[in-house]
Amino acid sequence: MSQANAHLSSGLKELIRRPYFWGVIAIALLLLVNSIKDPTYLAISYNATTGSLVGNIIDILRAAAPIAMISVGMCLVIATAGIDLSVGSVMAVAGAISMEFLASAGTSPAAALGALGLALLLGAALGAVNAVLVSVVGLQPFISTLVLMLAGRGLAKVITGGQNTAASNELFRWLANGYVLGIPVVFVLAVLIVILVGLLVRRSALGLMIEAIGMDPRAARLAGVNRRGLLFAVYIASGTLAAVAGIFATASVMTVDVSNTGYQLEMDAILAVVIGGTSLAGGKFNITGAAIGALLIATLDKTVVFLGVSSSATPAFKAIVIVVLCLLQSERIQALFRSRRSRQPEQRVDAPKEAVAA
């Protein structure tokens, strides 16, 4: 029995040390707060007409999908000690090119597949532009991606002629609004992509090489790691995943708003990555943590709306939650908690000795 308790205690300690543990706790607390306000908040019902599950939880899962996509790409880039500020603009460009293509190509499934392929290709190309500026030209990642962040929306406006383009295509709309076994397709696709990327970087040497160039580029180069090739890989992956997020965001309403599609989502992606335990200094990264961070950001956004927090106070509300979460993840704060727990048994043991001496 004591061995079982020891194993349980060690397992719990190991779980608490995981970076995304507090993210899961924060999600649970936010859902609890919403449930206190409305006891039916977590209820999920089945809509027989559409064959879908309906409820606030389903809405959160749907909203988390595009954030998860850009967060996974951002996680890989940050692991190389870089940053990608252009993901929101790439979302707008991907949405713009897909809507323009569908507006002229029609409503056939082939047109939907063409729009999807064109958006992904353009997202990968924009990611390659970032990679060239960082790895070939030698610009700082912050500056390189800031350039595309500013130029991307201009490119989206050029593609759409400065208009919010709308189109109609049932297959394309289904990607964001359809259901599989009652679960939103957009969330299922996001989970599959996260799993595939996670398996790719953790079941091969790719993840270790990415971490190596983030920790010590010189040592990685001496070990034979192709830094330039890896930078191309991660920035192209980030651009492609941002294009996927742009498709999700655009297909839900079948309209691209070049000014608002993906607006400031790069900040949400960075926050999700940090919440997931990836250091902005580069090195070790956590794909699972980034996905959980994306789910937390979506839950937080929905909670702000549900609680009726005013738009002017929303940034402060989000900041407080995220700062508290980051503090709980801090090694210094966790060490303080551990030291306090270790002192408590000593106090309980010393008390009887004092009593005997008296």
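About the thresholds
- Counting restarts for each chain, with residues numbered from 1 along the sequence as it is written.
- For this predicted model, a pLDDT threshold of at least 70 governs which residues receive local features, and a threshold of 80 or more governs which side-chain atom pairs are given and counted, while totals over whole chains, interfaces and linings are taken from all residues.
- Values shown for side chains rest on all heavy atoms present in the structure; no hydrogens or waters enter the calculation.
- Only DSSP runs of H or I covering at least 4 residues are called helices, and only runs of E covering at least 2 are called strands; the numbering of each starts at the N terminus.
- Here's how the labels work: a residue is buried when its accessible area is under 20% of the maximum for its type, exposed when over 50%, partly exposed in between, all with a 1.4 Å probe on protein chains only.
- By the convention used here, residues are in contact when the closest approach between their heavy atoms is within 4.5 Å.
- Residue exposure ignores everything except the shown protein chains as possible cover, and the areas themselves are Shrake-Rupley values with a 1.4 Å probe.
- We define a nonpolar core as any set of buried Ala, Val, Leu, Ile, Met, Phe, Trp, Tyr and Cys residues linked to one another through side-chain atoms lying within 4.5 Å.
- Each residue carries a pLDDT score, the predictor's own confidence in it, on a scale running from 0 to 100.
- In this scheme, a helix's expected span is set at 1.5 Å multiplied by one less than its residue total.
- Space inside and on the surface of the protein is sampled on a 1 Å grid over the protein atoms alone, with a cavity defined as a set of points where a 1.4 Å probe fits but cannot get out and a pocket as an open set with protein on both sides within 12 Å along at least 5 of 7 lines; lining residues have an atom within 4 Å of a point.
- Grid points are joined across faces, edges and corners, and a volume is the space filled by probe spheres set on the points.
- Polar here means any residue other than Ala, Val, Leu, Ile, Met, Phe, Trp, Tyr, Cys and Pro, which are nonpolar, and Asp, Glu, Lys and Arg, which are charged; Gly is therefore polar.
- Take a side-chain nitrogen of Lys or Arg and a carboxyl oxygen of Asp or Glu: if they are within 4 Å of each other, that pair is a salt bridge.
- Here a patch means residues that are over 30% exposed by relative accessible area and free of salt bridges, tied together within 9 Å if like-charged and within 5 Å if nonpolar (Val, Leu, Ile, Met, Phe, Trp, Tyr).
- Classification of ring pairs uses Phe, Tyr and Trp, with its six-membered ring standing for Trp, and accepts pairs whose centres are within 6.5 Å; under 30 degrees between planes counts as stacked, over 60 as edge-to-face, and the remaining range as tilted.
- Placement of a positive charge over a ring is assigned whenever Lys NZ or Arg CZ falls within 6 Å of the ring centre and within 35 degrees of the normal to the ring plane.
- Each axis is a line fitted through C-alpha atoms, and for a helix only the stretch in contact is used; angles between axes span 0 to 180 degrees, taken between their N-to-C directions.
- Should an angle fall under 35 degrees it is called roughly parallel, over 145 degrees roughly antiparallel, and 65 to 115 degrees roughly perpendicular, with every other angle called oblique.
- It is the rotation of the near helix from the far one that decides the hand of a crossing: anticlockwise by less than a right angle makes it left-handed, clockwise makes it right-handed.

Asks: Explain the overall build of the protein to me, please; I cannot follow it from the model alone.
Replies: A tally of regular secondary structure across the protein gives 15 helices and four strands. When burial is assessed residue by residue, the protein has 42% of its 358 residues classed as buried. Partitioning the intrachain contacts of the protein with sequence separation of at least 6 by distance along the chain shows that 76% fall at a separation of at least 24. With an accessible surface of roughly 17800 Å², the protein has 67% of that area assigned to carbon and sulfur atoms.

Asks: Sorry if this is basic, but what is going on with the nonpolar core here?
Replies: Proteins that are soluble and globular tend to have nonpolar side chains buried together. Formed by 88 residues in total, the largest nonpolar core has its most connected members in Phe172 and Ile287. Here the element with the most residues in this core is helix H3 (residues 56–79); it accounts for 14 residues. Ignoring any residue separated from it by four or fewer positions in sequence, one finds Phe172 in contact with Ser98, Met99, Leu102, Ala112, Ala115, Leu116, Ile247, Ala251 and Met254.

Asks: Can you help me understand the confidence of the model for the protein in this one?
Replies: Low pLDDT marks stretches whose predicted atomic positions should not be read closely. Per-residue confidence for the protein gives a mean pLDDT of 85, with 87% of residues at or over 70. Ignoring residues within four places in sequence, the model shows residues 353–358, a span with pLDDT below 50, making zero contacts including any to other chains.

Asks: Even after reading the chapter, I still don't get helix H2 (residues 21–37), so can you show me in this structure?
Replies: Each α-helix turn comprises 3.6 residues. Residues three or four places apart therefore point the same way. With 17 residues, H2 should cover 24 Å at 1.5 Å per step; its first-to-last C-alpha distance of 25 Å lies within 8% of that length. Every buried residue belonging to H2 is among Phe21, Trp22, Gly23, Ala26, Ile27, Leu30, Leu31, Asn34 and Ser35, and all of these are buried.

Asks: Looking at this model, I keep getting lost on the layout of surface pockets. Mind explaining?
Replies: To find the voids left in a structure, one rolls a probe of water-molecule size over its atoms. Of the pockets and cavities examined, the largest pocket occupies roughly 560 Å³. Asn260, Gly262, Tyr263, Leu265 and Asp268 are, among the 26 residues lining the largest pocket, the residues nearest its centre. Those elements that provide at least two residues to the lining of the largest pocket are H3, helix H11 (227–251), helix H12 (265–275) and helix H14 (314–329). Grouping the constituent residues of the lining of the largest pocket by class yields 15 nonpolar, seven polar and four charged.

Asks: Help me understand the pattern of salt bridges in this model?
Replies: Any two side chains of opposite charge can pair, on the condition that their charged atoms come close. Inspection of every chain in the model, using the stated rule, returns one salt bridge. Between Arg202 and Glu211 there is a salt bridge, and its shortest N-O distance comes to 3.1 Å. Among the residues examined, Glu211 registers a relative accessible area of 5% and is labelled buried.

Asks: Any chance you could explain the environment of Val77 here in plain terms?
Replies: Summarising the element assignment, Val77 is placed in helix H3. Owing to a relative accessible area of 0%, Val77 belongs among the buried residues under this scheme. Setting aside its immediate chain neighbours within four residues, Val77 contacts Gly82, Ile83, Asp84, Val234, Tyr235 and Ser238.

Asks: So what exactly am I meant to see when it comes to H12 here?
Replies: Within H12, eight of the 11 residues are buried, which leaves it mostly tucked inside the rest of the structure. All of the buried residues in H12 are Leu265, Glu266, Asp268, Ala269, Ile270, Ala272, Val273 and Ile275. Of the residues flanking the end of H12, it is Gly277, one or two places downstream, whose phi is positive at about 100°.

Asks: Looking at this structure, I do not really get unusual backbone geometry. What am I missing?
Replies: Both trends apply: most residues other than glycine have a negative phi, and most peptide bonds are in trans. Although it is not a glycine, Met254 sits at a positive phi angle of roughly 55°. By secondary structure assignment, the location of Met254 is in the loop between H11 and H12. Residue classification places Met254 among the buried positions, given a relative accessible area of 1%. For Gln264, which is not glycine, the phi torsion reads 65° and is therefore positive. With respect to the secondary-structure elements, Gln264 resides in the loop between H11 and H12.

Asks: Help me understand a nonpolar patch on the surface, please; the structure alone is not making it clear to me.
Replies: Residues Val132, Val136, Val137, Leu139, Phe142, Ile143 and Val147 make up a contiguous nonpolar surface patch of roughly 570 Å² in combined accessible area. Note that Val137 resides in helix H5 (residues 109–137).

Asks: Mind showing me how you'd approach the packing of aromatic side chains here?
Replies: Think of a pair of aromatic rings as described by two things: how far the centres are apart, and how the planes are tilted against each other in angle. Inspection of every chain in the model, using the stated rule, returns one aromatic pair. Here Lys37 stacks its cationic end above the ring of Phe306, 5.0 Å away from the centre of that ring. The ring of Phe285 carries Arg202 above its face, with NZ or CZ at 4.2 Å from the centroid.

Asks: Help me understand the side chain of Ser238 in this model?
Replies: Mapping Ser238 onto the fold places it in helix H11. If we skip the residues at most four places from it in the chain, Ser238 touches Gly73, Met74, Val77, Asp84 and Val87.

Asks: Before we go on, may I ask you to explain the packing of helix H7 (residues 170–177) against H11 in this structure?
Replies: In helix packing, the relevant descriptors are the interaxial angle and the interaxial distance, both defined with respect to the helix axes. At a minimum axis distance of 8 Å, the contact between H7 and H11 shows a crossing angle of 100°. As judged from the angle between their axes, H7 and H11 are roughly perpendicular. Between H7, through Phe172, Arg173, Leu175, Ala176 and Asn177, and H11, the contact on the second element is made entirely by Ile247, Phe248 and Ala251. Partitioned by chemical class, the residues of the contact of H7 with H11 number six nonpolar, one polar and one charged.

Asks: Honestly, the packing of helix H4 (residues 87–105) against helix H6 (residues 141–160) in this entry has me stumped. Any pointers?
Replies: Look at H4 against H6: their axes get within 8 Å of each other, and the N-to-C directions meet at 10°. Relative to H6, the element H4 lies roughly parallel. Regarding H4 and H6, the two cross each other, and that crossing is left-handed. Mapping the contact onto sequence places Gly88, Ser89, Ala92, Val93, Ala96, Ile97 and Glu100 in H4 and Leu148, Met149, Gly152, Arg153, Leu155, Ala156, Ile159 and Thr160 in H6. Looking at side-chain class alone, the contact of H4 with H6 contains nine nonpolar, four polar and two charged residues.

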